[in-house]
Amino acid sequence: MTDPAPADRSFPPIAIGQLVVPHPVFLAPMAAYTDAAFRSLCFAHGCGAAVTEMTNAYGLMIAHRRTMRFLEIRADEGILGAQIYGSDPAVMAEAADLVASLGRFAFLDINAGCPMPKIRNRGDGSGLLRTPDRFLEVVAAVKRALAGRLPLTVKTRIGYEPGKPVVAELAPQLEAAGADALFVHARYALDRHSGPADWKQLAAAKAAVKIPVIGNGGVDRPGDAFRMREATGVDGVMAGRATIANPWFFDGVRAMERGESPGGLPKASVLYETLCDHLKREIELFARRDRKELKHSAEVTAVLAFRPHVVRYLHGFREFRTLAAHLSEYQTADELLERVKTVIDGGRKCDAPPPPVAIPGA
Ligand SMILES: Cc1cc2nc3c(=O)[nH]c(=O)nc-3n(C[C@H](O)[C@H](O)[C@H](O)COP(=O)(O)O)c2cc1C
């Protein structure tokens with residue numbers, strides 16, 4: 001048998017309410033990583049759609065300046081959803097109304113999966129899975145507040161407690177309450193981000209609803225996007241940690257759609273250029289802020305915010321440890337990039353991919 005024609009491999013477009021997503025390969029929301037700078041970089045590398053970092057609905061309601069920053073976007077981003085979290089239907093509805101009135105976003109997403117104790121213990125994020133009636137009330141209230149202006153998605157997990165899946169039962173209820181699509185992370189809330197992803201539950205969720213289901217969890221390489229779709233029948237996939245310091249993940253999926261190899265680790269020169277591009281985008285983001293809001297210049301603030309990314313880009317290089325130990329000494333882009341260049345020129349220890357990123361609060 002010959003390989004399927006390239007067209008057979010591609011992810012067909014999906015409709016989320018009135019929104020058509022031509023390439024349903026999503027960048028997952030990741031607090032402290034997926035700001036507008038990183039998202040725009042991923043879009044430039046073929047990402048099909050993305051979601052903002054989780055944004056506190058109460059903070060939006062009181063127009064808290066720091067909270068509003070989570071909804072900053074760049075003009076060169078593609079299809080983007082705003083993610084809000086909270087468990088008070090009235091507050092969530094007000095936040096949804098505000099997001100819709102901004103006119104910046106293609107859809108609104110409710111976070112019902114965050115496992116951090118300080119979030120879930122007050123009933124927000126994955127805490128909603130413990131109070132299904134409240135969960136459905138929130139979805140219905142947000143749907144009403146959007147009044148057809150934006151499609152509504154819900155990002156949730158297969159269940160709260162390990163071994164007790166609820167998603168197949170919950171998914172049709174979320175659909176009835178107004179969700180236009182579901183993002184399902186194939187792990188339990190109490191497993192946080194570790195443990196095996198149970199793709200069987202993605203298949204069960206998909207079979208239970210008519211709206212699109214986008215699978216998440218266990219997509220570690222471009223080929224996993226295709227494996228997940230084949231194994232579960234999901235309509236799209238969402239990748240998180242595999243994309244950190246690796247926007248080439250999305251190029252890899254596009255290449256595989258064309259029947260080509262996804263490619264391996266980038267050449268040193270490509271890595272350096274991409275890191276520079278990413279940093280430039282971060283500096284541009286902070287340069288848009290009111291100078292009075294920043295403790296340092298836009299450039300220094302961006303360099304500080306960029307540290308977690310640098311560490312990921314350079315993991316596996318021989319001089320990585322020296323750079324990591326002295327990272328706080330580099331304040332300007334030139335200082336940082338000069339050091340980065342030396343580390344890259346020193347070569348990689350091996351070609352193994354870096355270990356998974358650490359999870360905040362875990
Ligand atoms: C550092 C980090 C921050 C995250 N922040 C969010 C968030 O703000 N909102 C959200 O819905 N999920 C968040 N997640 C969960 C991811 O969106 C995703 O569901 C999870 O990482 C599993 O996908 P993966 O195995 O492809 O990484 C975060 C994950 C990580 C690692």
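How each quantity is defined
Residues numbered from 1 in each chain as written. Predicted model: local features only at pLDDT ≥ 70, side-chain atom pairs only at ≥ 80, totals over all residues. Helix = DSSP H or I, 4+ residues; strand = E, 2+ residues; numbered from the N terminus. Buried ≥ 20, exposed ≤ 12 C-beta atoms within 10 Å, placed from the backbone. Contact = placed C-beta atoms within 7 Å. Near = placed C-beta within 6 Å. Nonpolar A, V, L, I, M, F, W, Y, C, P; charged D, E, K, R; others polar. Pairing = 2+ DSSP bridges. Right-handed = clockwise from strand over helix to strand, strands pointing away. Domains from an automatic or database assignment. Expected span 1.5 Å × (residues − 1). Axes fitted to C-alpha atoms, helices over the stretch in contact; angles between N-to-C directions. Left-handed = near helix turned anticlockwise from the far one by under 90°. pLDDT = per-residue confidence, 0-100.

**Some thoughts on the overall build of the protein chain**
Then, in step 1: In terms of regular secondary structure, the protein chain is built from 15 helices and 11 strands.
Then, in step 2: Seen along its three principal axes, the alpha-carbon backbone of the protein chain occupies a region of about 65 × 55 × 35 Å.
Then, in step 3: Burial statistics for the protein chain: of 362 residues in total, 47% are counted as buried.
Then, in step 4: The contacts in the protein chain between residues at least 6 apart in sequence include a share of 69% that link residues at least 24 apart.

**Focus on the site of the ligand**
Then, in step 1: Within the structure, the ligand sits among 25 residues, and A28, M30, M54, G240 and R241 are positioned closest to it.
Then, in step 2: In terms of residue class, the shell around the ligand is built from 14 nonpolar, 8 polar and 3 charged.

**Observations concerning the pairing of strand 11 (residues 236–239)**
Then, in step 1: Of the two faces of strand 11, both are covered, the one formed by G236 and M238 as well as the one formed by V237 and A239.
Then, in step 2: In terms of strand pairing, strand 3 (residues 25–27) meets strand 11 through 3 bridges, oriented parallel. Within the sheet, the bridge partner assigned to V25 lies in strand 11 and is V237.
Then, in step 3: Remark: the strand 10 (residues 213–216)/helix 10 (residues 222–232)/strand 11 crossover connection has right-handed handedness.

**Quick notes on the domain arrangement of the protein chain**
Then, in step 1: Under the domain assignment, the protein chain is made up of domain 1 (9–257) and domain 2 (268–345).
Then, in step 2: Each of domain 1 and domain 2 has a C-alpha centre, and the two are 28 Å apart.
Then, in step 3: Each partner contributes to the interface: domain 1 provides 12 residues, whereas domain 2 provides 10 residues.
Then, in step 4: Taken together, the residues of the side of domain 1 that touches domain 2 sort by class into 9 nonpolar, 1 polar and 2 charged.

**Structural notes on helix 13 (residues 298–314)**
Then, in step 1: End to end, helix 13 covers 23 Å across 17 residues, agreeing with the expected 24 Å (1.5 Å per residue, within 8%).
Then, in step 2: Turning to helix 13, its buried residues number three or more, namely A302, V303, F306, H309, V310, Y313 and L314.
Then, in step 3: Each element contacted by the buried residues of helix 13 is listed here: helix 12 (268–287), helix 14 (320–326) and helix 15 (333–345).
Then, in step 4: Phi for G316, located one or two positions after helix 13, is positive at around 95 degrees.

**Here's the deal with the pairing of strand 6 (residues 79–85)**
Then, in step 1: With 7 of 7 residues buried, strand 6 is to be regarded as a mostly interior element.
Then, in step 2: Side chains I79, G81, Q83 and Y85 of strand 6 all project onto a buried face; the interleaved residues L80, A82 and I84 project onto the opposite face, where all are buried too.
Then, in step 3: Of the strand pairs in this sheet, strand 4 (residues 49–51) and strand 6 are connected by 3 bridges, and their pairing is parallel. Looking at strand 6, one finds that V51 is bridged to G81.
Then, in step 4: When strand 5 (residues 55–56) meets strand 6, the two strands line up parallel, connected through 2 bridges. Residue pairing across strands places N56 opposite Y85, the latter belonging to strand 6.
Then, in step 5: For strand 6 and strand 7 (residues 107–112), the ladder comprises 4 bridges, and the chain directions are parallel. Within strand 7, the position partnered with G81 by the bridge is F107.
Then, in step 6: The parallel pair strand 6 and strand 7, bridged by helix 5 (residues 89–102), forms a crossover whose chirality is right-handed.

**Some details on helix 5**
Then, in step 1: Relative to the 20 Å expected for 14 residues at 1.5 Å per residue, helix 5 spans 20 Å between its end C-alpha atoms, a close match to the ideal helical length.
Then, in step 2: Those residues of helix 5 not exposed but buried are V91, M92, A93, E94, A95, A96 and V99.
Then, in step 3: Summarising the contacts, the buried residues of helix 5 are in contact with helix 3 (57–61), strand 6, strand 7 and helix 7 (132–146).
Then, in step 4: A positive phi of about 70 degrees marks G103, the residue just after helix 5.

**Things to note about unusual backbone geometry**
Then, in step 1: A positive phi angle is found at A147, which is not glycine, with a value near 45 degrees.
Then, in step 2: Summarising the element assignment, A147 is placed in the loop between helix 7 and strand 8 (152–159).
Then, in step 3: Note on A147: 10 C-beta atoms within 10 Å, which makes it exposed.
Then, in step 4: Phi is positive for A245, which is not a glycine, with a value near 55 degrees.
Then, in step 5: Assignment of secondary structure puts A245 in the loop between strand 11 and helix 11 (248–257).
Then, in step 6: Judged by local crowding, A245 falls into the buried class, with 22 C-beta atoms found within 10 Å.

**Observations concerning the packing of helix 8 (residues 167–177) against helix 9 (residues 199–208)**
Then, in step 1: For the pair helix 8 and helix 9, the least separation of the axes is 8 Å and the interaxial angle reads 35 degrees. Relative to helix 9, the crossing made by helix 8 is right-handed. Contacts from V167, A168, A171 and P172 in helix 8 reach Q201, A204, A205 and A208 in helix 9.
Then, in step 2: Class assignment for the residues of the contact of helix 8 with helix 9 results in 7 nonpolar, 1 polar and no charged.

**Details of the packing of helix 12 against helix 13**
Then, in step 1: Where helix 12 meets helix 13, the axes come as close as 8 Å, and the angle between the chain directions of the two elements is 145 degrees. Considering how the two elements wind past one another, helix 12 and helix 13 form a crossing that is right-handed. Listed contacts from helix 13 to L271, L275, H278, L279, E282, I283, F286 and A287 of helix 12 are A298, E299, T301, A302, A305, F306, H309 and Y313.

**Points about the confidence of the model for the protein chain**
Then, in step 1: When pLDDT is averaged along the protein chain, the result is 93; 94% of the residues meet or exceed 70.
Then, in step 2: A low-confidence stretch, residues 1–7 (pLDDT under 50), is modelled with 5 contacts involving residues beyond four sequence positions or located in other chains.
Then, in step 3: The low-confidence segment residues 358–362 (pLDDT under 50) makes 8 contacts with residues lying over four places distant or belonging to another chain.

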